[in-house]
Amino acid sequence: MPSVENQQQLDIAAERAKCTFDPSQLTALFYGGEEKMQRFKAIEAMVDREPVFDRTDRYFLGRTERFKRALPMVKRYVELRNEHGLTPEEAAHFKVYIDDYIPVHLHESMFLPVLRSQASDEQLKVWGPHAENYHYIGCYAQTELGHGSALSRLETTATLDLITDQWVINSPTQSSAKFWIGTLGKMANHAVVQAKLIINGKDYGSHPFLVPLRSLKDHTPLPGVVIKDQGPKQGAISMDNGYARFNHVRIPRTNMLMRFSQVSADGVYSKPIHPKLAYGGMTAVRTTLINHSALSMARAVTIATRYSAVRRQGNVDLKTDLETQVLDYPAVQYRILPLLSHAFATIFSGYWMNDMYAQYNADITKGDTSLLKDVHVYSSGLKSYCTKLAADGIEEARRCLGGHGFSLFSGMIDFHRQFLATVTYEGENVLLTQQVSRYLLKLYKDVVRKPAMHLSAPSRYIVSLVDHGRFVQQRCAARSMAELYNPEIILKAFQHRAARLIIELAQAEKQGAQWSDLNLECMRLSKAHVQYIMIENFHNGLEKRYNTSSNPTSTQENLLEAVRSVYNLHVFYTLETELAEFLEDGYFSPEQASWCRQAVKDSLKAVRPNAVGFADCFGFTDKFLNSALGSYDGRAYERMAEMTEHEPLNQAGMTDERGVVWGYEEFLRPLIFGEVGAFKARKGESKL
Ligand SMILES: Cc1cc2nc3c(=O)[nH]c(=O)nc-3n(C[C@H](O)[C@H](O)[C@H](O)COP(=O)(O)OP(=O)(O)OC[C@H]3O[C@@H](n4cnc5c(N)ncnc54)[C@H](O)[C@@H]3O)c2cc1C
């Protein structure tokens, strides 16, 4: 009989042997295409060669040490970026692969995109080269201690001094201090500051300004600027999220970012052609967060699936005397495999969103803003839904690992801590659902007035509400469980549910409810709409990519079948989670609901044999996963033990050569030898 360690390697090999498709055929999907995958893999190899990015002891480091480690990483990253002329996309992958929020992260993820999208061409000519070359290191300073979401309530002011042709930037109160600003605390020498624009006492609302923070000669804070690192946080440990106050800091009038709004030397304000244009930078970041959610889910699934395949626990097979692989328990499958399906659903929606965003960018250069609302609403809705799906799902997958999931060596904790912030920044998730719902409500009202109006594809189902009498008669057409697998029936069901929630929101509003009383309706509606478009994107994406040949080879067929099983799991798991909303107006019958539950079980069974294949298909390297439990070779127990070797408590200084712990003489010996007085038990009360 093999040792437990060998058994783990046998188990993972057996899992790979029974996989019905070739996992490497799917890897490019997660890298954004074959060609990109080759380039990104070369970047990963480059990072792995550099000692400065080594992550062996990362889990043992505290905040200050992680920040200090991050500085050489910053320097080496910029050197390599320059040496190899990395594109912004390649540079972004480089940073994803480093897998630590290096403290200039916000320079490229927020400061530069905002500058590129909101500075005028003339401003970009001057600032662009400084910013692209890290002469200017920038951050994006919007949030204040007192307000984050409510942009209109920000207190920092930029008041025009017509005599000197300058803005005076001021934080009048403690609550107006900028807070949470990544890259500000220690690194940035410039910030794009959102401040209320004031001319001759008139407040024109929040606008972006380029504000120098630190001297370009010696990095000291400039007069009137108080900056601090804001302190410890749940994640993003190496990042210097910071705090700043401005005491009547003067900047030239031309430091207002003037692509969309302008202010002339005589104080005349021109507003943008579209009020939402100024938020273009945020939309771009939200779009990348959708892809980031998919990769984070995939990462958790890789670790959880591989470990659950090599972890044996509980029921014993009398023939082999082996315990059951925990991945064979339906309760474990039910908590891990849907996350796999959500990762696929999210990546397909990421593609869809990227295409829409690219189209929008092409249009905008021609002055066409027609896609702006869709881009804004769908990036908001997807960001809100997908980051929550990932944040919750990764935690559930971690719990599936039992006790070892609580160790940082699992590889499930450090990255999840970083990820958790995505539900809050770039638009707090719950608030974003209000924007999605408001938009759908408006479309509904418009379409009722003008039924022939054009609706973009994802909201076209709203037309079904024009004939209300017919709409309420709609019922799910599936007459058997097999028919429930028909994609058209499924899409209709999700459309019906979202449409019904739109009417309910409209009715509540009509009956006089305040918008702020309708938070829950908005959360429900936004989720329903996003779930519908994700299912549609998944279906369209998989058919387009993997159902391409009229005469498929068996390899192509197997791949298509495998991805369809994941699609079914995504559909039925989502449907089951939301069953009440399909039942409450009678659209589903109780029998159809029970078919749906059965379909979840059947889909889990269909995905199970390929589970490790799917974990492999994402293409994560062991170095990136940094997980004792989820490495490719399945040697979970050996790696757990190996990683303890690096624990500082086990090193010289904390343990002497005989294995005795530091502090024994001073603190432990007195206890063990009774030098701290004898304990006198008293009945019912202490001596206090
Ligand atoms: C790690 C991290 C990094 C960040 N980096 C940056 C940065 O670089 N630059 C920057 O400017 N900011 C940054 N932020 C700030 C972030 O953008 C804000 O925290 C976010 O916008 C939420 O705002 P808030 O903190 O004011 O939350 P609040 O708006 O105070 O939200 C608190 C609660 O109230 C609810 N709520 C608020 N308003 C409403 C409403 N109208 N209706 C219903 N519910 C409501 C919210 O849903 C939430 O549950 C960062 C935050 C984090 C955590």
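Residues numbered from 1 in each chain as written. Predicted model: local features only at pLDDT ≥ 70, side-chain atom pairs only at ≥ 80, totals over all residues. Heavy atoms only, no water.

The name an unreviewed UniProt entry assigns to the protein is Acyl-coenzyme A oxidase, from the organism Linnemannia gamsii. Under the UniProt heading Sequence similarities (unreviewed entry), the note attached to the protein is "Belongs to the acyl-CoA oxidase family." The UniProt entry for the protein carries the following text under Subcellular location (unreviewed entry): "Peroxisome". (UniProt positions renumbered as here; feature names shortened; annotations may be inferred.)

**Q** What exactly am I supposed to notice about empty space enclosed by the protein here?
**A** The gaps left among the atoms become clear once a water-sized probe is rolled over them. Taken as a whole, this structure holds five cavities of 30 Å³ or more when the rule is applied. Taken as a whole, the largest cavity holds about 60 Å³ of empty space. Of the residues contributing to the lining of the largest cavity, the split by class is three nonpolar, no polar and seven charged. (1 Å grid on protein atoms, 1.4 Å probe; cavity = no way out; pocket = protein on both sides within 12 Å on 5 of 7 lines; lining within 4 Å. Points joined across faces, edges and corners; volume = space filled by probe spheres on them. Nonpolar A, V, L, I, M, F, W, Y, C, P; charged D, E, K, R; others polar.)

**Q** I tried to follow unusual backbone geometry on my own but got confused; where do I start?
**A** Excluding glycine, residues mostly have negative phi values, and the peptide bonds linking residues are mostly trans. In this structure, asparagine 200 takes a positive phi of about 45 degrees despite not being glycine. You can see asparagine 200 is positioned in the loop between strand 5 (190-199) and strand 6 (202-212). Residue alanine 236 is not a glycine yet carries a positive backbone phi of 45 degrees. Topologically, alanine 236 is positioned in the loop between strand 7 (225-229) and strand 8 (242-246). (Helix = DSSP H or I, 4+ residues; strand = E, 2+ residues; numbered from the N terminus.)

**Q** For this particular structure, what's the right way to read the side chain of serine 171?
**A** With respect to the helices and strands, serine 171 occurs in the loop between strand 3 (166-170) and strand 4 (178-181). Exposure remark for serine 171: the relative accessible area of 5% places this residue in the buried category. Among the polar contacts listed, one links the side chain of serine 171 to the backbone nitrogen of phenylalanine 246, at a separation of 2.7 Å. Dropping the residues within four chain positions of it, serine 171 is found in contact with Ser176, Arg245 and Phe246. (Buried < 20%, exposed > 50% of the residue type's maximum accessible area, 1.4 Å probe, protein only. Polar contact = N/O pair within 3.5 Å; in protein donor to acceptor, adjacent residues only side chain to side chain. Contact = heavy atoms within 4.5 Å.)

**Q** How should I be thinking about the packing of helix 15 (residues 487-510) against helix 17 (residues 554-577) in this particular structure?
**A** Helix-helix packing: each pair is described by the crossing angle between the helix axes and the interaxial distance. Packing of helix 15 against helix 17 leaves a shortest axis separation of 12 Å and a crossing angle of 35 degrees. The chirality of how helix 15 crosses helix 17 is left-handed. Contact residues: helix 15 offers Pro487, Ile490 and Phe494, while helix 17 offers Tyr567, Val571, Phe572, Thr574 and Leu575. (Axes fitted to C-alpha atoms, helices over the stretch in contact; angles between N-to-C directions. Left-handed = near helix turned anticlockwise from the far one by under 90°.)

**Q** How should the site of the ligand be read in this particular structure?
**A** Taken together, 19 residues lie near the ligand, and Tyr140, Gln142, Thr143, Ser149 and Glu428 sit nearest. Measuring from a nitrogen atom of the ligand, one finds a backbone N or O atom of tryptophan 180 at 2.9 Å. Burial of the ligand by the protein amounts to 64% of the accessible area it has alone, namely 970 Å². Sorting elements by how many residues they give to the shell around the ligand places helix 12 (residues 429-449) first, with three residues. Grouping the constituent residues of the shell around the ligand by class yields eight nonpolar, ten polar and one charged. (Near = heavy atom within 4 Å. Areas by Shrake-Rupley, 256 points an atom, 1.4 Å probe, with all protein chains shown as cover.)

**Q** Help me understand the pattern of salt bridges in this model?
**A** Between side chains of opposite charge, a pair can form when the charged atoms approach closely. Tallied over the full model, the rule gives 50 salt bridges. Residue lysine 18 is joined to glutamate 15 by a salt bridge in which the shortest nitrogen-to-oxygen separation is 3.4 Å. The exposure class of lysine 18 is partly exposed, given its relative accessible area of 39%. Glutamate 15 gets classed as buried once you look at its relative accessible area, which sits at 1%. With a closest N to O distance of 3.2 Å, arginine 66 and aspartate 414 form a salt bridge. One end of the pair, arginine 66, is in helix 4 (residues 63-84); the other, aspartate 414, is in helix 11 (residues 414-419), with 348 residues separating them in the sequence. As far as burial versus exposure is concerned, arginine 66 and aspartate 414 are alike and both buried. A single network of salt bridges, built from pairs that share partners, joins Asp633, Arg635, Glu638, Arg639 and Glu642. (Salt bridge = Lys/Arg side-chain N within 4 Å of Asp/Glu carboxyl O.)

**Q** Can you walk me through the environment of phenylalanine 572 in this structure?
**A** In this fold, phenylalanine 572 is placed in helix 17. Classification of phenylalanine 572 as buried rests on a relative accessible area of 1%. Separated by 88 residues in sequence, phenylalanine 572 and leucine 484 place their C-alpha atoms 9.4 Å apart. Setting aside residues no more than four positions away along its own chain, phenylalanine 572 makes contact with Leu484, Tyr485, Ile490, Cys596, Ala599, Val600 and Ser603.

**Q** Help me understand the side chain of arginine 497, please; the structure alone is not making it clear to me.
**A** As for its position among the elements, arginine 497 is in helix 15. In this structure, arginine 497 is in contact with Lys527, Ala528, Gln531, Glu578, Glu581 and Phe582, ignoring residues within four places of it in sequence.

**Q** So what exactly am I meant to see when it comes to the sheet that holds strand 8 here?
**A** If you walk across this open sheet you meet the three strands as 4-8-7, and the pairing is antiparallel. Looking along the sheet, the strands with just one partner apiece sit at the ends: strand 4 and strand 7. Each strand of the sheet is rotated relative to its neighbour by a mean of 20 degrees, with strand direction disregarded. Both strand 7 and strand 8 contribute to a ladder of five bridges, which runs antiparallel. (Pairing = 2+ DSSP bridges.)

**Q** Help me out: how do you make sense of the packing of aromatic side chains in this one?
**A** Ring pairs (aromatic) are described by centroid distance and by the angle formed between their planes. Summed over all chains, the structure comprises 28 aromatic pairs. With a centroid separation of 5.0 Å and 70 degrees between ring planes, the pair formed by tryptophan 167 and phenylalanine 209 is classed as edge-to-face. Of this pair, tryptophan 167 sits in strand 3 while phenylalanine 209 is found in strand 6, placing the two residues 42 residues apart along the sequence. Among the residues examined, tryptophan 167 registers a relative accessible area of 0% and is labelled buried. Considering the side-chain rings of phenylalanine 179 and tryptophan 180, the 6.4 Å spacing of their centres and the 80 degrees angle between planes classify their relative orientation as edge-to-face. Following the ring pairs from residue to residue traces out a cluster consisting of Phe21, Phe30, Tyr97, Phe344, Phe348, Phe538, Tyr567, Phe614, Phe618, Phe620 and Phe624. A cation over an aromatic ring shows up here: arginine 16 above the ring of tyrosine 632, its NZ or CZ 3.5 Å from the ring centre. Looking at arginine 545, its charged tip hangs above the ring of tyrosine 351, at a distance of 4.7 Å from the centre. (Phe/Tyr/Trp six-rings, centres within 6.5 Å; stacked < 30°, edge-to-face > 60°. Lys NZ or Arg CZ within 6 Å of the ring centre and 35° of its normal.)

**Q** Is there a simple way to think about the nonpolar core in this case?
**A** For soluble globular proteins, the rule of thumb is that nonpolar side chains tend to be buried together. Membership of the largest hydrophobic core comes to 154 residues, with the highest contact counts inside it found for Phe94, Phe344, Ile462 and Phe614. Top element by residues in this core is helix 9 (residues 330-365). It accounts for 14 residues. When sequence neighbours within four positions are dropped, the list of residues in contact with phenylalanine 94 reads Ile43, Met46, Val47, Phe53, Tyr77, Leu80 and Leu86. Counting 27 residues, the second-largest nonpolar core is a separate cluster that includes Ala158, Leu197, Val225 and Ala244. (Core = buried A, V, L, I, M, F, W, Y, C linked by side-chain atoms within 4.5 Å.)

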